[in-house]
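Working through the structure, step by step
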Amino acid sequence: MRSYVLITGASSGIGRALALEGAKRGYDLILVARREALLESLKGECLALDPKCDVILVAADVTNAGVESVLASSLPPGRELKIAFANAGVASAGKFEKLTIEEYQRVFDVNVTGVIRTSRAVLPLLEKSRGHLAIMGSLSGHIANPLGAPYNVSKYAVRGFAETLRAEIAHRGVQVSLISPGPVKSEIFQKNNKGEIVENPLPTLKMLSARTAARRMFDGVLKGKRDFSVHWQMTFALLFGRTFPGTTSWLMKFVYRRYEARFLELVGKVNPDSV
């Protein structure tokens, strides 16, 4: 009998690519996102890849109270949830003193509370299947980048949550992976702090395609990797940051001082009120 993969934030970007990759690999899918129309379109694409794929759509916001019961009840009775990707996330950029407390709360609600609610929903199901929880982290949860305080704070919190959870539930047979993707072509780089789609000012030449990232994420999870990136430059950065934390901190400060005007220009194109 086929196993299910649950993916939050499935309507676009990495989440959408994970859904397509899951269908290609023969999994049934539980796709979670707020935008129901995009989920319906994605379902058609998954069925085109595998007509036998059972695709369950859950139009829900992972930040809402009660979403745990919605997610937990989405798995058909008697079936097995093998992997859950806690993928839903938002980004934020701007000067610390320009960003509002509400902006911190918005990012924290999705990136942290959403991950916690998702984890609470799926852990009992993954324990039954001896399955795998994959939490979407970021390089920003290891090395804080200037002009990204809300996002950095949220991803450091996610990293701490993943490490705590890993220690607490290892004896229950559930594996936990923290994925720090690195630069991936995704809608997250096209949204401003209000959630509006804008032109992406960042160079995309060295960004991975979402489909390549999704394939590598599945490979890493199925190999039982604990904490990994899907981008070789980010893998190097993570290793360098862990080995030389003082040097890494100095480099971040040096680069920002050297190119502050350029950084502010890029952020200002997306969030003019935040610089």
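Please refer to the structure higher up on the page.
Below, the structure is looked at part by part. (Residues numbered from 1 in each chain as written. Predicted model: local features only at pLDDT ≥ 70, side-chain atom pairs only at ≥ 80, totals over all residues. Heavy atoms only, no water.)

**Focus on the environment of Ser154**
Just so we agree on the cut-off: Elements are defined by DSSP. Helices are runs of H or I of four residues or more, strands are runs of E of two residues or more, and each kind is numbered from the N terminus. The contact criterion used throughout is that any non-hydrogen atoms of two residues lie within 4.5 Å.
Mapped onto the elements of the fold, Ser154 is located in helix α5 (residues 149-169). Residues Ser154 and Ser92 lie 62 residues apart in sequence; the distance between their C-alpha atoms is 10 Å. Excluding anything up to four places from it in sequence, Ser154 contacts Val107, Asn111 and Val112.

**A short note on the pattern of salt bridges**
Test applied: In the sections that follow, a salt bridge refers to a side-chain nitrogen of Lys or Arg positioned within 4 Å of a carboxyl oxygen of Asp or Glu. Buried means the residue's accessible area, taken with a 1.4 Å probe over protein chains only, is under 20% of the maximum for its type, while exposed means over 50%, and partly exposed covers the values in between.
Following the criterion strictly, the structure yields 13 salt bridges and no others. We note a salt bridge from Asp28 to Arg2, for which the minimum N-O separation is 3.0 Å. Taken as a pair, Asp28 in strand β2 (residues 28-33) and Arg2 in the segment before β1 (4-8) lie far apart in primary sequence, 26 residues in all. Residue classification places Arg2 among the partly exposed positions, given a relative accessible area of 25%. With a closest N to O distance of 2.8 Å, Glu103 and Arg106 form a salt bridge.

**Things to note about the pairing of β2**
We count it as follows: If DSSP finds at least two bridges between two strands, the strands pair. A clockwise path from the first strand over the helix to the second, with the strands pointing away from the viewer, defines a right-handed crossover.
Within β2, six of the six residues are buried, which leaves the element mostly enclosed by the surrounding structure. Of the two faces of β2, the one carrying Asp28, Ile30 and Val32 and the one carrying Leu29, Leu31 and Ala33 are both buried. By the bridge criterion, five bridges tie β1 to β2 in an arrangement that is parallel. Opposite Val5, over in β2, you have Leu29 as the bridge partner. Viewed along the sheet, the connection from β1 through helix α1 (residues 13-24) into β2 turns out right-handed. Running through helix α2 (residues 36-49), the crossover from β2 to the neighbouring parallel element strand β3 (residues 55-59) is right-handed.

**Topic: the packing of aromatic side chains**
Cut-off, in case you're wondering: Under the pairing criterion, centres of Phe, Tyr and Trp rings, with the six-membered ring standing for Trp, must be within 6.5 Å; the plane angle then separates stacked pairs below 30 degrees from edge-to-face pairs above 60, leaving the rest tilted.
Under the definition given, this model contains six aromatic pairs. Relative to Phe244, the ring of Phe240 lies with its centre 5.1 Å away and its plane at 50 degrees, an arrangement referred to as tilted. Through a chain of ring-to-ring contacts, the aromatic side chains of Tyr27, Phe85 and Phe218 assemble into a single cluster.

**Focus: the state of the cysteines**
Here is the rule we go by: Cysteine sulfurs are considered disulfide-paired once they come within 2.5 Å of each other.
Applying the stated criterion to the full structure yields zero disulfides. No disulfide involves Cys46; its nearest neighbouring cysteine sulfur is the one of Cys53, lying 5.9 Å away. A relative accessible area of 5% means that Cys53 is categorised as buried.

**So, the environment of Gly182**
Along the polypeptide, Gly182 turns up in the loop between β6 (175-179) and α6 (210-222). Given a relative accessible area of 23%, Gly182 falls into the partly exposed group. With 111 residues separating them along the chain, Gly182 and Leu71 place their C-alpha atoms 28 Å apart. Non-local contacts of Gly182, meaning those with residues more than four positions away in its chain, are made with Ser229, His231 and Met234.

**With respect to a nonpolar patch on the surface**
Where we set the bar: Patch building starts from residues that exceed 30% relative accessible area and form no salt bridge, then joins like charges within 9 Å and nonpolar side chains (Val, Leu, Ile, Met, Phe, Trp, Tyr) within 5 Å. Accessible areas in this description were obtained via Shrake-Rupley with a 1.4 Å probe; residue shielding takes into account the shown protein chains only.
On the surface, Trp250, Leu251, Phe254, Val255, Tyr259 and Phe263 cluster together to form a nonpolar patch covering roughly 520 Å² of accessible area. Structurally, Leu251 is set in helix α8 (residues 245-270).

**Notes on the packing of α1 against α6**
Relative orientation and spacing of two packed helices are given, respectively, by the angle between their axes and the distance between those axes. The cut-off we apply is this: Note on geometry: axes are lines fitted to C-alpha atoms, helical ones only across the stretch in contact, with angles between N-to-C directions running from 0 to 180 degrees. When an angle is under 35 degrees it counts as roughly parallel; over 145 it counts as roughly antiparallel; between 65 and 115 it counts as roughly perpendicular; any other value is oblique. Handedness of a helix crossing follows the sense of rotation of the near helix relative to the far helix, less than a right angle counterclockwise being left-handed and clockwise being right-handed.
The N-to-C vectors of α1 and α6 enclose an angle of 60 degrees; their axes lie 8 Å apart at closest approach. Viewed along their axes, α1 and α6 adopt a mutual orientation that is oblique. In this structure, α1 crosses over α6, and the sense of that crossing is right-handed. Contact residues: Gly13, Ile14, Ala17, Leu18, Leu20, Glu21 and Gly22 in α1; Ala210, Arg211, Ala214, Arg215, Met217 and Phe218 in α6.

Shape descriptors only; they carry no functional weight alone.
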